[in-house]
Amino acid sequence: MPDSLDRARTPLLTLITQEALDRDYQVAASRAATLAAGGAGETGPRHGYRVGVVVVVGLFAMLVTVAGVQTSQDSDVADASRASLIDRIEARRATVSRLQDEAARLRTANASAETELRTLGARLSALRARVSEVGALTGFAPVTGSGVRVRLDNPPYAGPDEQLRDSDLALLVDGLWAAGAEAIAVNGQRLNAHGGITNVGEAIEVNGVGVAPPFTILAIGDRRTLASKFADSQAGLRFLSLARQYGFEQKMDNVDDLHLPAAPGALGRLRSAEQKKTTPQGQQGGDGP
């Protein structure tokens with residue numbers, strides 16, 4: 001009873017330590033008694049213990065050897081993988097460098113092409129402006145502007161000798177040119193150097209197209225001076241004299257916005273003349289100097 005009471009009062013950690021030491025002492029005492037008992041019983045257990053130790057050491061050595069071999073193999077694999085990765089990185093770097101050089105070349109070519117495109121665009125705009133200007137001057141492009149409108153008709157009950165002729169219409173047009181007109185159309189037919197006013201029998205033609213009175217003549221020019229200069233020109237004075245003599249009905253009005261069409265494209269074809277070719281050096285070609 002007192003032993004149980006002392007055991008219950010002893011702290012748990014102290015109790016465990018004491019019991020562990022007691023048991024160790026008991027095991028050590030038992031082994032000492034066995035060794036003291038005699039020689040034959042001593043050799044067997046010690047021999048088995050030594051064999052066990054050798055086996056454990058051998059197994060440990062084998063494990064160490066296997067671990068070393070595996071580590072060496074893993075090291076070789078890691079070295080090979082690292083070398084392969086370095087080769088791939090270098091190859092990718094070379095590819096990136098080549099692509100960067102190609103991109104730089106393309107950027108340079110693109111900049112050059114843009115510069116050339118801007119140059120060509122400026123030349124094209126200049127050529128278009130020149131074509132428009134030449135077309136307006138030659139009559140092969142439509143034009144707009146201020147000027148005068150002339151309405152011309154035969155007198156009432158005019159006899160055959162009192163009707164308008166192509167020469168009368170030509171005098172009116174010549175007077176307008178002399179007054180400073182830049183473009184003239186008669187009944188919708190634009191006048192230019194390849195066209196003109198002619199007659200076929202009693203019929204009047206403009207640019208080869210038949211026209212008949214009443215005539216509407218549109219002339220683009222300075223509307224502030226066109227009418228007065230027409231009246232002062234030689235052709236204008238002759239026309240006004242004929243108009244009074246034969247009683248032509250004619251009226252000239254200033255107009256702010258006139259629209260004249262282009263001359264027929266067929267008039268632009270060369271008939272007798274030919275365009276002279278040039279050599280690549282820009283010199284005129286020919287049979288001799």
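Source: prediction; values computed, not measured. (Residues numbered from 1 in each chain as written. Predicted model: local features only at pLDDT ≥ 70, side-chain atom pairs only at ≥ 80, totals over all residues. Heavy atoms only, no water.)

Some details on the pattern of salt bridges
Opposite charge on two side chains lets them pair, provided their charged atoms get close. In plain terms, the rule: Should a side-chain nitrogen of Lys or Arg be within 4 Å of a carboxyl oxygen of Asp or Glu, the pair is scored as a salt bridge. Remark: exposure states derive from per-residue accessible area (1.4 Å probe, protein chains only) relative to the maximum for the residue type, with buried under 20%, exposed over 50%, and partly exposed in between.
The full count for this structure, using the stated rule, is 4 salt bridges. The salt bridge involving arginine 224 is made with aspartate 222; its shortest N-O contact spans 3.1 Å. Given the relative accessible area of 32%, aspartate 222 is considered partly exposed.

Here we look at the UniProt feature "coiled-coil region" (unreviewed entry) in the protein
Basically, it comes down to this: UniProt positions are given in the numbering used here, feature names are shortened, and annotations may be inferred rather than shown by experiment. Numbering of helices and strands runs from the N terminus, with a helix taken as a DSSP run of H or I at least four residues long and a strand as a DSSP run of E at least two residues long.
Summarizing the sequence annotation, UniProt attributes the feature "coiled-coil region" (unreviewed entry) to residues 96-130 in the numbering used throughout. A helix fraction of 100% and a strand fraction of 0% characterise residues 96-130, whose end C-alpha atoms lie 50 Å from each other.

What to know about the packing of aromatic side chains
Here is the rule: Think of it this way: a Phe, Tyr or Trp ring, Trp meaning its six-membered ring, pairs with another when their centres are within 6.5 Å, and the plane angle makes it stacked under 30 degrees, edge-to-face over 60, tilted otherwise.
Applying the stated criterion across every chain, the model contains 2 aromatic pairs. Arranged with centres 5.8 Å apart and planes meeting at 20°, the rings of tyrosine 246 and phenylalanine 248 form a pair that is stacked. Residue classification places phenylalanine 248 among the buried positions, given a relative accessible area of 7%.

Digging into helix H6 (residues 234-246)
Put simply, the rule is: Given the number of residues in a helix, its expected span is that number minus one, multiplied by 1.5 Å. Two residues qualify as a contact provided that any one of their heavy atoms is within 4.5 Å of a heavy atom in the partner residue.
Its 13 residues give H6 an end-to-end C-alpha distance of 19 Å, which sits within 8% of 18 Å, the value for a rise of 1.5 Å per residue. Those residues of H6 that are buried are in contact with strand E1 (143-153), helix H4 (166-179), helix H5 (226-232) and strand E8 (249-260). Just beyond H6, the residue with positive phi is glycine 247, at close to 75°.

A look at the pairing of strand E2 (residues 183-186)
We count it as follows: Should DSSP find at least two bridges between two strands, the strands are regarded as paired.
By the alternation rule, side chains of E2 split into Ala183 and Ala185 and Ile184 and Val186, which are all buried. Here 4 bridges tie E2 to strand E7 (residues 215-220), and the two strands are oriented antiparallel to one another. Among the inter-strand pairings, isoleucine 184 is bridged to a residue of E7, identified as alanine 219. In the sheet, E2 pairs with strand E3 (residues 189-190) via 2 bridges, with the strands oriented antiparallel. Residue pairing in the sheet places valine 186 in a bridge with glutamine 189 of E3. Adjacent in sequence and paired antiparallel, E2 and E3 are bridged by 2 residues, among which asparagine 187 carries a positive phi angle near 50°.

Overview of the packing of H4 against H6
Each pair of packed helices can be summarised by the angle the axes make with each other and by the distance between the axes. For clarity, the threshold we go by: Axes here mean lines fitted to C-alpha atoms, for a helix over just the part in contact, with angles spanning 0 to 180 degrees between N-to-C directions. Roughly parallel here means an angle under 35 degrees, roughly antiparallel means over 145, roughly perpendicular means 65 to 115, and every remaining angle is called oblique. Helix crossings get a hand from a simple test, with the near helix turned counterclockwise from the far one by less than a right angle marking a left-handed crossing and a clockwise turn marking a right-handed one. Residue polarity follows a fixed list, in which Ala, Val, Leu, Ile, Met, Phe, Trp, Tyr, Cys and Pro are nonpolar, Asp, Glu, Lys and Arg are charged, and the others, Gly among them, are polar.
Interhelical geometry of H4 versus H6 gives an angle of 140° and a closest axis separation of 7 Å. Classed by the angle they form, the pair H4 and H6 counts as oblique. Relative to H6, H4 is oriented so that their crossing is left-handed. Every residue of H6 that contacts H4 at Asp168, Leu171, Leu172, Asp174 and Gly175 is listed here: Ala235, Gly236, Arg238, Phe239 and Leu242. Here the contact of H4 with H6 is built from residues that sort into 5 nonpolar, 2 polar and 3 charged.

Things to note about the sheet that holds strand E5 (residues 203-206)
On the basis of which strands lie adjacent, the open sheet formed by 3 strands has the order E4-E5-E6 and antiparallel pairing. Edge positions in the sheet fall to strand E4 (197-200) and strand E6 (209-211), since each of these pairs with one other strand and no more. The sheet shows a mean angle of 45° between the axes of neighbouring strands, taken without regard to direction. Both E5 and E6 contribute to a ladder of 3 bridges, which runs antiparallel. Counted as the bridge partner of valine 206 is valine 209 from E6. Most of the contacts of H4 go to E4, to which it runs at about 175°, and overall it touches E4 and E5.

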